[in-house]
Amino acid sequence: MEYYNLKDDQEKVNFRKATIKGQGKGKGLFFPETIPQFEEKFIQNLKLYTHEEIAFRCMKDFIGNEIPSEILREIVSETVSFEIPLQKINDRIFVLELFHGPTLAFKDIGARFMSRCLSYFLKDQKKKVSVLVATSGDTGGAVADGFYQLPGINVVILYPKNRVSPVQEKQLTALGGNIRALEVNGSFDDCQNLVKQAFSDEEIQNNIFLTSANSINIARWLPQQIYYLLALKQWQQHEKEAPVISVPSGNFGNICAGLLAHFRGLPADHFIAACNDNDTVPDYLRTQYYISKKAVPTLSNAMDVGDPSNFVRILELFGHQFSRLQDKISGYSINDVKTLETITQVYQKYGYTLEPHSAVAYASMEQYLIDNPGKKGFILGTAHPVKFPDAVEKAIGGKIKIPEALNHLMKKEKKTQEISTDFEELKRFLLHKI
Ligand SMILES: *Cc1c(COP(=O)(O)O)cnc(C)c1O
């Protein structure tokens with residue numbers, strides 16, 4: 001399979017190159033040249049296949065022979081090595097729980113797949129290989145965990161001092177080994193600037209093979225299709241009609257993977273782009289004008305994005321035809337008040353605990369179902385409630401139970417090194433300390 005740059009379709013690369021480079025010239029995103037179709041027999045009989053087999057079939061066409069089949073099988077089986085249950089909340093709404101992975105967020109799936117592909121592709125690299133990431137919270141943890149103990153790769157994570165939650169900080173700093181956390185005395189923007197400088201520094205480039213773990217990397221985007229298939233496998237055991245799927249959306253990578261799976265033959269009645277106050281896409285779907293906005297902070301902070309980078313991939317999938325897009329996707333914008341109310345109501349009525357991101361998806365789904373009686377569907381639960389204890393405990397008026405895995409993590413020691421925003425300090429670290 002070849003991938004072309006959405007900003008310059010003359011630039012074509014294979015899966016390996018696209019994974020290593022992350023993005024194309026002019027920061028363009030890569031997109032598959034063809035959309036491989038699922039066999040109808042396969043889609044109708046998902047229950048006959050194991051998780052691993054479903055994941056393998058989902059990914060194989062995108063990778064071809066660039067990774068031998070037996071290694072790809074290992075990679076996908078490690079990618080989905082935890083439970084992904086579809087739980088019933090009420091008669092019309094189910095939730096796909098994507099938060100039983102090591103960092104309790106759906107980003108584990110993309111990060112685990114990408115890290116293993118990179119590790120395979122770079123195993124014979126002569127220079128030291130380092131993955132450099134700046135994080136404001138969730139991404140760093142999933143990436144750190146994904147690369148933990150993978151041979152031949154060091155990970156350096158920059159995070160802003162005192163600006164990530166206690167759980168997030170432990171996820172970044174307690175692993176140790178090949179994962180190094182640098183606590184930057186500055187903001188998330190400072191962290192990002194330091195990373196950018198490192199990528200353009202000649203001395204670093206000459207000595208280290210530096211790569212990023214960017215969220216637009218195809219090796220993070222494509223494996224997200226897998227859990228839509230796993231959801232459908234479970235859905236088919238309850239329901240006959242194709243589901244409505246509501247996706248809490250920030251950078252739109254998650255929903256875009258679902259749409260890609262749909263274009264390949266996965267049955268889906270409709271998609272809902274569930275947003276918080278950052279409503280660039282819901283506005284676009286209403287008006288046909290795409291106007292990027294400055295991000296505003298909300299309770300569902302992993303979706304505080306004013307100009308979602310994956311949206312261009314969605315436009316490409318629909319051949320830039322607005323009416324087709326509007327037929328398949330509805331957008332909703334849910335504010336923080338409504339988000340908290342939703343958590344409270346769902347807890348009181350059904351005994352189910354949502355967190356802010358999945359609550360946005362639930363509230364959006366509820367509104368859609370009011371206008372579309374007779375339909376049913378599922379929301380994607382993208383994080384465990386324990387990752388957002390303040391909002392959730394306020395809404396349900398009680399404590400949430402901490403999962404065993406997290407207790408263990410919270411007892412571990414934080415290992416981190418503090419650096420200033422002076423690039424020379426980071427440079428010394430990269431050249432001499434790893
Ligand atoms: C990243 C994230 C999202 C948004 O996913 P996108 O693919 O960026 O749309 C939603 N919920 C949680 C908990 C996240 O961490």
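Note: the structure precedes this text.
Keep in mind that what you see is a predicted model, and the values were worked out from it rather than measured.

1. A closer look at the environment of P248
Inference 1: With respect to the secondary-structure elements, P248 resides in strand 10 (residues 244–248).
Inference 2: Judged by its relative accessible area of 7%, P248 falls in the buried class.
Inference 3: Sequence separation of P248 and V281 is 33 residues, and the distance between their C-alpha atoms is 12 Å.
Inference 4: Beyond its immediate stretch of four places on either side in the chain, P248 contacts A274, M303, H357, A361, L380 and T382.

2. Looking at the sheet that holds strand 2 (residues 8–14)
Inference 1: With respect to topology, three strands assemble into an open sheet ordered 2-1-3, the strand pairing being antiparallel. The sheet terminates laterally at strand 2 and strand 3 (30–32), the two strands that pair on one side only. Recorded for the sheet is a direction-independent mean angle of 35° between the axes of neighbouring strands.
Inference 2: Of the strand pairs in this sheet, strand 1 (residues 2–5) and strand 3 are connected by three bridges, and their pairing is antiparallel. Bridge pairing in strand 3 places Y3 opposite P32.

3. Brief notes about the site of the ligand
Inference 1: Lining the immediate surroundings of the ligand are 15 residues, of which K107, G250, N251, F252 and T382 lie closest.
Inference 2: Interatomic distance of 2.5 Å between a side-chain N/O atom of K107 and an oxygen atom of the ligand.
Inference 3: Within the backbone of N251, an N or O atom sits 2.8 Å from an oxygen atom of the ligand.
Inference 4: Protein contacts shield 95% of the accessible area of the ligand, which totals 390 Å² for the unbound molecule.

4. Considerations on helix 5 (residues 107–121)
Every α-helix carries 3.6 residues per turn, so stepping three or four residues along brings you back to the same face.
Inference 1: With 15 residues, helix 5 should cover 21 Å at 1.5 Å per step; its first-to-last C-alpha distance of 21 Å lies within 8% of that length.
Inference 2: Judged by how many residues are buried, helix 5 sits mostly within the fold: 15 of 15 residues are covered.

5. A few points about the sheet that holds strand 4 (residues 86–88)
Inference 1: With respect to topology, six strands assemble into an open sheet ordered 4-5-13-10-11-12, the strand pairing being mixed. Sheet topology places strand 4 and strand 12 (329–333) at the edges, where each strand pairs with a single neighbour. In this sheet, adjacent strand axes meet at a mean angle of 25° when their direction is disregarded.
Inference 2: One ladder, built from five bridges, connects strand 11 (residues 270–275) with strand 12; its direction is parallel. Opposite I272, over in strand 12, you have S330 as the bridge partner.
Inference 3: Packing of helix 11 (residues 226–235) onto the sheet brings it into contact with strand 4, strand 5 (93–97), strand 10, strand 11 and strand 13 (377–381), and relative to strand 13 it is tilted by some 140°.

6. Things to note about the side chain of K170
Inference 1: When you line up the elements, K170 lands in helix 7 (residues 166–173).
Inference 2: Side-chain polar atoms of K170 contact the backbone oxygen of M410, separated by 3.0 Å.

7. Things to note about the environment of S358
Inference 1: Within the element layout of this structure, S358 appears in helix 17 (residues 356–371).
Inference 2: Note on S358: relative accessible area 3%, which makes it buried.
Inference 3: Each C-alpha atom of the pair S358 and V95 lies 8.6 Å from the other, and the pair is 263 residues apart in sequence.
Inference 4: Residues contacting S358, with those up to four places away along its chain left out, are I379, L380 and G381.

8. Section: the environment of I75
Inference 1: Here I75 shows up in helix 4 (residues 69–79).
Inference 2: A relative accessible area of 5% means that I75 is categorised as buried.
Inference 3: Sequence separation between I75 and E241 is 166 residues; the distance between their C-alpha atoms is 32 Å.
Inference 4: Apart from the residues within four sequence positions on either side, I75 is in contact with I67, F113, R116 and C117.

Basis of the calculations
- Residues numbered from 1 in each chain as written.
- Predicted model: local features only at pLDDT ≥ 70, side-chain atom pairs only at ≥ 80, totals over all residues.
- Heavy atoms only, no water.
- Helix = DSSP H or I, 4+ residues; strand = E, 2+ residues; numbered from the N terminus.
- Buried < 20%, exposed > 50% of the residue type's maximum accessible area, 1.4 Å probe, protein only.
- Contact = heavy atoms within 4.5 Å.
- Pairing = 2+ DSSP bridges.
- Axes fitted to C-alpha atoms, helices over the stretch in contact; angles between N-to-C directions.
- Near = heavy atom within 4 Å.
- Polar contact = N/O pair within 3.5 Å; in protein donor to acceptor, adjacent residues only side chain to side chain.
- Areas by Shrake-Rupley, 256 points an atom, 1.4 Å probe, with all protein chains shown as cover.
- Expected span 1.5 Å × (residues − 1).

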